[in-house]
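If you want the building blocks of each chain, they are given just below.
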Amino acid sequence: MYKAFKFRLYPNNKQKELINKTFGCARYVYNYYLDKMKNNGYFTAYTNIKDYTSKLKYDAPFLEEIDSIVIRKSLFNLDDAYKKMFKKEGGHPRFKSKYNRNSYNTTAIHSNYKDKKYCNIELDLNNKQIKLPKLKWVKIRGYRNIQSINGKIKSATISKESNGKYYVSVLYEMPNKNQKTNYSTIVGIDLGIKKLLTLSDGTSYDNNKYLLKYEKRIKRKQKELSRKVKGSNNYYKCKKELAILYSKLSNARKYYTHKITKKITDEYDIITCEKLKIKEMIIKGKNNKLSSKINDATFSEIIRQLLYKSKYKGKEFYEVDTYYPSSQICNRCNNQNKKYKDLTKREYKCSKCGEELDRDLNASINIMFEGLKLYMKSSIKI
């Protein structure tokens, strides 16, 4: 399986100049061939690469100053964008702008010489540095508790965020962990807005509502930006300050979700969650002002993290059917009461057996039992 490790980059002035030049060259080649295909029709990536090596790189000699793999990757990205359009999975490819998020990807090349292994990308966690093509050794920060990574480097993606910070994401091919066979713990998870997660063991995690915390500061900064003259130094200075606020909001969300998902995947062997249709929930939420709260809760990111962390740690992850009425069924006697479709009813009381408990806790217990059924079905060998 593949796993990415992201680090903060601290390039010197020369390295920054080369990184920014690489962003520009990759964007230039992408836009050049996109314009060509808009006027003359579709060409495959291999045809464009042949045209680049025989013509464009001589017409624009500055392109030879950067990593050649980046150019080829850019052309393959353009080809993928066209293929998605042909499959009706996306619209027509658009020209890239330097004002959007800048990034480029390079592939790791492995070789052997005199019984010694070499690679153009090397990660040294002891000295906190990484070797990248053309850039050589660059200082990094991140993953303080890891001394080494047991895997094979496949590629690296260098990016520059709108707040001016540089990052590198290193993709590793990791050895497959043996799947556990003796599972002993199981948990059901109910996702919500008032309580972000409610576990079947009674544990709950509050929704920290990061959006509310930063909302006033972001609105104030947006008003300040609207008063600036577009293109002036003060405009870009204010824009950068706004980008830093958005970055802080994003990082706070990421930290909280990673903290929760790590704890759950460490403690439990079988993890069961409800399958949510996030896009439909957001569209429906526009009428009752739930859409912004659903976006702030980052349900899809929580599910994504639980899925890949479970797989990496050799655990089982199941998603219960979207239309399974977990909030309406009594976890003790299985009696269903449709009045609990109403989200304002926070306490569940069974009309048959008299069971009383929190609505979300009842739902998480039902999700746990449904997940156990899914596990039993998958473990039966036919």
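Described in the following lines is the structure provided in the data block. From a predicted model like this one, the values you see are computed outputs, not experimental measurements. Residue positions are given per chain, counting from 1 as you read along its sequence in written order. For this predicted model, a pLDDT threshold of at least 70 governs which residues receive local features, and a threshold of 80 or more governs which side-chain atom pairs are given and counted, while totals over whole chains, interfaces and linings are taken from all residues. Side-chain measures were taken over the full set of non-hydrogen atoms in the model, leaving aside hydrogen atoms and water.

### Details of the overall build of the chain
What counts here: Under the DSSP-based scheme used, a helix requires at least four consecutive residues in state H or I and a strand at least two consecutive residues in state E, with every element numbered from the N terminus. Partly exposed describes any residue whose relative accessible area lies between the buried limit of under 20% and the exposed limit of over 50%, with all areas from a 1.4 Å probe on protein chains only and scaled to the type maximum. Contacts between residues were defined by any pair of non-hydrogen atoms, one from each residue, lying within 4.5 Å. For the area figures, the Shrake-Rupley method with a 1.4 Å probe applies, and any residue is considered shielded solely by the protein chains shown.
For the chain, the helix and strand inventory stands at 9 helices and 16 strands. For the chain, the C-alpha atoms occupy an extent of roughly 80 × 65 × 45 Å along the three principal directions. Counting all 382 residues of the chain, 41% fall into the buried class. Contacts in the chain between residues at least 24 apart in sequence constitute 66% of all its contacts with a sequence separation of at least 6. Of the roughly 23,500 Å² of accessible surface on the chain, 50% is carried by carbon and sulfur atoms.

### Focus on a positive patch on the surface
The condition is simple: Distance thresholds for patches are 9 Å for like charges and 5 Å for nonpolar side chains (Val, Leu, Ile, Met, Phe, Trp, Tyr), applied to residues having over 30% relative accessible area and no salt bridge. The term salt bridge refers to a side-chain nitrogen of Lys or Arg lying within 4 Å of a carboxyl oxygen of Asp or Glu. The charge count includes Lys and Arg as positive and Asp and Glu as negative, but it does not include His or the ends of the chains. The atom standing in for a charge is NZ when the residue is Lys, CZ when it is Arg, CG when it is Asp and CD when it is Glu.
Where like charges cluster on the molecular surface, the positive patch consists of Arg141, Arg144, Lys165, Lys213, Lys216, Arg217, Arg220 and Lys248. In this structure, Lys213 sits in helix H4 (residues 210-227). You can call Lys213 exposed: its relative accessible area is 57%.

### Here's the deal with the sheet that holds strand S14 (residues 316-320)
To be explicit about the condition: Following DSSP output, two strands are said to pair if at least two bridges run between them. Axis geometry follows a simple rule: fit a line to the C-alpha atoms, using only the stretch in contact for helices, then measure angles between N-to-C directions, giving values from 0 to 180 degrees.
Spatially, 5 strands are ordered S12-S11-S10-S13-S14 in an open sheet, and the strand pairing comes out mixed. Each edge of the open sheet carries a strand with a single partner, namely strand S12 (204-206) and S14. Pairwise comparison of adjacent strand axes, ignoring direction, gives a mean angle of 20° for this sheet. Strand contacts of helix H5 (residues 233-267): strand S10 (186-191), strand S11 (195-199), S12 and strand S13 (270-274), with the helix running at about 5° to S11, the strand carrying the most contacts. Across the sheet, helix H8 (residues 299-312) touches S10, S11, S13 and S14, and the angle it forms with S14 is around 145°.

### Things to note about the nonpolar core
In summary, soluble globular proteins display a tendency toward joint burial of nonpolar side chains. Here is the rule: For the purposes of this section, nonpolar cores are sets of buried Ala, Val, Leu, Ile, Met, Phe, Trp, Tyr and Cys residues that join through side-chain atoms within 4.5 Å.
Counting 28 residues, the largest nonpolar core has Ile130 and Val168 as its most contacted members. At the level of secondary structure, the elements contributing two or more residues to this core comprise strand S1 (2-10), helix H1 (13-40), strand S6 (129-132), strand S7 (136-141), strand S8 (152-160) and strand S9 (166-173). The residues touching Val168, leaving out its near neighbours within four places in the chain, are Phe5, Lys6, Phe7, Leu9, Ile130, Leu132, Ile140, Ala156, Thr157 and Ile158. By size, the runner-up hydrophobic cluster in this structure holds 18 residues, among which are Val187, Ile189, Tyr205 and Ile264.

### Describing the side chain of Asn362
Along the chain, the position of Asn362 falls in helix H9 (residues 359-379). Judged by its relative accessible area of 0%, Asn362 falls in the buried class. In this structure, Asn362 is in contact with Ser326, Ser327, Ile329, Cys330, Asn331, Tyr348 and Leu357, ignoring residues within four places of it in sequence.

### Thoughts on the side chain of Ser155
Considering the arrangement of structural elements, one finds Ser155 in strand S8. Owing to a relative accessible area of 10%, Ser155 belongs among the buried residues under this scheme.

### Here's the deal with the pattern of salt bridges
Counted under the stated rule, the structure contains 14 salt bridges. Of the charged contacts in the structure, one is a salt bridge between Lys313 and Asp266, with a shortest N-O distance of 2.7 Å. Residue Lys313 is found in the loop between H8 and S14, and its partner Asp266 is found in helix H5; the two are separated by 47 residues along the sequence. On the basis of relative accessible area, Lys313 is assigned to the partly exposed category, the value being 23%. The shortest N-O distance in the salt bridge between Glu370 and Lys373 comes to 3.7 Å. Here the residue Glu370 and the residue Lys373 both occupy positions in helix H9, the gap between them amounting to 3 residues, near one helical turn. Taken together, the salt bridges that share partners define one network made up of Lys221, Glu224 and Glu241.

### Let's talk about the pairing of S1
Along any regular strand, the residues point their side chains to alternate faces of the sheet. The side-chain alternation of S1 yields one buried face, formed by Lys3, Phe5, Phe7 and Leu9, and one unburied face, formed by Tyr2, Ala4, Lys6, Arg8 and Tyr10. Pairing of S1 with S9 involves 8 bridges; the strand directions are antiparallel. Bridge pairing in S9 links Phe5 to Val170. Examined bridge by bridge, S1 and S7 share 3 bridges and lie antiparallel to one another. By the bridge assignment, Tyr10 is partnered in S7 with Lys139.

### Topic: unusual backbone geometry
For Asp115, which is not a glycine, the phi torsion comes out positive at approximately 60°. Using a relative accessible area of 86% as the deciding quantity, one classes Asp115 as exposed. Located in the positive-phi region is Tyr143, a residue other than glycine, with phi close to 55°. Position of Tyr143 among the secondary structure elements: in the loop between S7 and S8.

### A word on the packing of aromatic side chains
Keep this limit in mind: Geometry of aromatic contacts follows a simple scheme: Phe, Tyr and Trp rings, the Trp one being its six-membered ring, pair when their centres are within 6.5 Å, and the pair is stacked under 30 degrees between planes, edge-to-face over 60, tilted otherwise. Comment: the charge-over-ring label is applied if NZ (Lys) or CZ (Arg) is within 6 Å of the ring centre and within 35 degrees of the ring normal.
Tallied over the entire structure, the rule returns 13 aromatic pairs. Between the aromatic rings of Tyr46 and Phe76, the centroid separation amounts to 5.5 Å while the plane-to-plane angle is 80°, which identifies the pairing as edge-to-face. Linking Tyr46 in helix H2 (residues 45-59) with Phe76 in helix H3 (residues 68-86), this pair joins segments that are 30 residues apart in sequence. For Tyr46, a relative accessible area of 62% translates into the label exposed. We classify Phe76 as partly exposed; its relative accessible area is 30%. Residue placement shows Lys3 over the ring face of Tyr312; its charged tip is 4.9 Å from the ring centre. The ring of Tyr30 carries Lys96 above its face, with NZ or CZ at 4.6 Å from the centroid.

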